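Here is what each chain is made of, one letter per residue.
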Amino acid sequence: MSYVSTNSQKRIAVILIGCLVIITLLLSRLVYIQIIKSDYYSQKAYTQQTRSKSVEPKRGTIYDTTGERILAQSISTNIVTAVPNSVPKEKKEEIAQNFSQILGKDSEEILNKLKKNVSSVTLATKIGQDEATKLLEYIIENDITGISVDEDMLRIYPYGTLLSHVLGFVGTDNQGLAGVEAYYENDLAGTPGKIVASFDGSGRETTFTQEQYIAAENGKDVVLTVDASIQSIVEKYLSKAVEENISQYGSIIIMRPATGEVLAMANYPTFDSNDPFTPNTEELKNNWDNMNSSERSAALNQMWRNRAISDTQEPGSTFKLITAVAALEENVVNIDDKVFHCAGSMQIGTWTIKCWRYYNPHGTESLREGIMNSCNPVFMQASQKLGIS
């Protein structure tokens, strides 16, 4: 007759209890992971296993007042991106060499990007269709994984330097950095779309999942009050005036008096919105290599500055109309009363202000004649009649 000793029974009981405790803990952990924290871990797994690739929207077009002349538009180009972990290690140097020949870029730079331990890297942007076709042919022929060539957008300004200070320009990411491009960024930019795909632990795209495509929403178009024809004429004669008078710069604004619409706004020297980071004067080009980064930044900001709306200037004779209207409205003078006298100049405190025809004074004048002659003393005397208050 066999039997189990009391000590053996105790040991078995302890082992069973220990197993029950371990099983209970494992079950509790499974319940915690799969039920209580299921949403958290599901989302974490989805994040680890999926990557999204942005789909650029088409930036809105900027037109002149006719709605026909395009001042800024986006055209299709291409962008080359890579998932370094998905690119075959043994082929990376060969890929870098071939891409270098097709794109005209440094092979070492491309190779360094392919060796990065990141989820995604951009190899090249703004690639023409010919280069994109050659890249795609090479990728397909050599069965290369982890590199894609996708459509992108390039911002161009068909008229080059025309209206550049008003239009501004965009950065490498197609975001408006100055002018209308920056001011109406929210309208012009649109909303990016994306392509979502699944990847395994090695970073290779899996074939058993379906890609998700979320379409981009294109930006809105903007129509300016500026007339490109008037703008072209204004810029032509502004540049001529600045150069003939050996001036540092010049600005012109042409407006429709009835509505206040701006028909043209020009500054000179100007720059090309297609290439906004290139110095625009010979003096700046000659000094560029001797300037540090902060000096270059300051010089570029001055080059981009729209002086027509940013700089303060004396109003000059345009303010005479304000003085004349105020004098008439306050009934301190009648428009045809000859109560003003031009002696060629007039002194106010320590200031001596001349009439433009100081060498042949106008003599006695009415306010109407003062306006016709643009005579400084007439408006100085009219302002005295108005008084400070």
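How each quantity is defined
Residues numbered from 1 in each chain as written. Predicted model: local features only at pLDDT ≥ 70, side-chain atom pairs only at ≥ 80, totals over all residues. Heavy atoms only, no water. Pairing = 2+ DSSP bridges. Helix = DSSP H or I, 4+ residues; strand = E, 2+ residues; numbered from the N terminus. Core = buried A, V, L, I, M, F, W, Y, C linked by side-chain atoms within 4.5 Å. Buried < 20%, exposed > 50% of the residue type's maximum accessible area, 1.4 Å probe, protein only. Contact = heavy atoms within 4.5 Å. Salt bridge = Lys/Arg side-chain N within 4 Å of Asp/Glu carboxyl O. Axes fitted to C-alpha atoms, helices over the stretch in contact; angles between N-to-C directions. Parallel < 35°, antiparallel > 145°, perpendicular 65-115°, else oblique. Left-handed = near helix turned anticlockwise from the far one by under 90°. Nonpolar A, V, L, I, M, F, W, Y, C, P; charged D, E, K, R; others polar. Polar contact = N/O pair within 3.5 Å; in protein donor to acceptor, adjacent residues only side chain to side chain.

Participant: Could you give an account of the pairing of strand β14 (residues 345–348), with specific residues and numbers?
Facilitator: Two elements, β14 and strand β15 (residues 351–354), share four bridges in a ladder whose sense is antiparallel. Counted as the bridge partner of Met346 is Ile353 from β15. Linking β14 back to β15 in an antiparallel pair, the connection comprises two residues, with Gly349 at a positive phi of about 60°.

Participant: Can you break down the nonpolar core residue by residue, with the values?
Facilitator: Among the nonpolar cores identified, the biggest contains 27 residues, and Ile62, Leu71, Leu163, Leu167 and Leu224 are the most heavily contacted of them. Of all the elements in the fold, those that place two or more residues in this core are β3 (70–82), α6 (164–167), β6 (169–170) and α11 (293–304). At four residues, the largest contribution of residues to this core is made by α11. Apart from the residues lying within four places of it in its own chain, the contact partners of Leu163 are Leu71, Leu224, Val226, Gln231, Glu235 and Met265.

Participant: Can you explain unusual backbone geometry? Please cite residues and give values.
Facilitator: For the bond running from Tyr268 to Pro269, omega is 5°, close enough to zero to count as cis. Mapped onto the elements of the fold, Pro269 is located in the loop between β12 (261–268) and α10 (282–287). A positive phi angle is found at Leu163, which is not glycine, with a value near 60°. Looking at the element boundaries, Leu163 is found in the loop between β5 (147–156) and α6. With a relative accessible area of 2%, Leu163 lands in the buried category. Phi at Asn174 takes a positive value of approximately 65°, unusual for a residue other than glycine.

Participant: Could you give an account of the pattern of salt bridges, naming the residues involved and the relevant values?
Facilitator: Taken as a whole, this structure holds 13 salt bridges when the rule is applied. A salt bridge links Asp311 to Arg305; the nearest nitrogen and oxygen atoms lie 2.5 Å apart. Using a relative accessible area of 31% as the deciding quantity, one classes Arg305 as partly exposed. In this structure, the salt-bridge partner of Asp311 is Arg307, at a minimum N-O distance of 2.8 Å. Pair check on accessibility: Asp311 and Arg307 agree, each one buried. In the salt-bridge network here, residues are joined through shared partners; they are Arg59, Arg155, Glu181 and Glu185.

Participant: Account for the packing of helix α3 (residues 92–103) against helix α4 (residues 107–114), with residues named and values stated.
Facilitator: Across the interface, α3 lies against α4 with an axial gap of 8 Å and an inter-helix angle of 135°. By the angle between their axes, α3 is oblique relative to α4. Here α3 runs over α4; the crossing is right-handed. Counting all contacts with α3, which are made through Lys92, Glu93, Ile95, Ala96, Gln97, Phe99 and Ser100, the residues of α4 involved are Ser107, Ile110, Leu111 and Leu114. A class-by-class count of the residues in the contact of α3 with α4 yields six nonpolar, three polar and two charged.

Participant: Requested: an account of helix α15 (residues 376–386), with residues and values cited.
Facilitator: Buried residues of α15: Pro377, Val378, Phe379, Met380, Gln381 and Ala382, and no others. In this fold, the buried residues of α15 make contact with α13 (320–329), β13 (340–342), β14, β15, β16 (363–365) and α14 (367–373). Just beyond α15, the residue with positive phi is Gly387, at close to 85°.

Participant: Describe the side chain of Arg307, listing the residues and the values that go with them.
Facilitator: Along the chain, the position of Arg307 falls in helix α12 (residues 307–310). Within the structure, Arg307 has its side chain in polar contact with the side chain of Asp311 (distance 2.8 Å).

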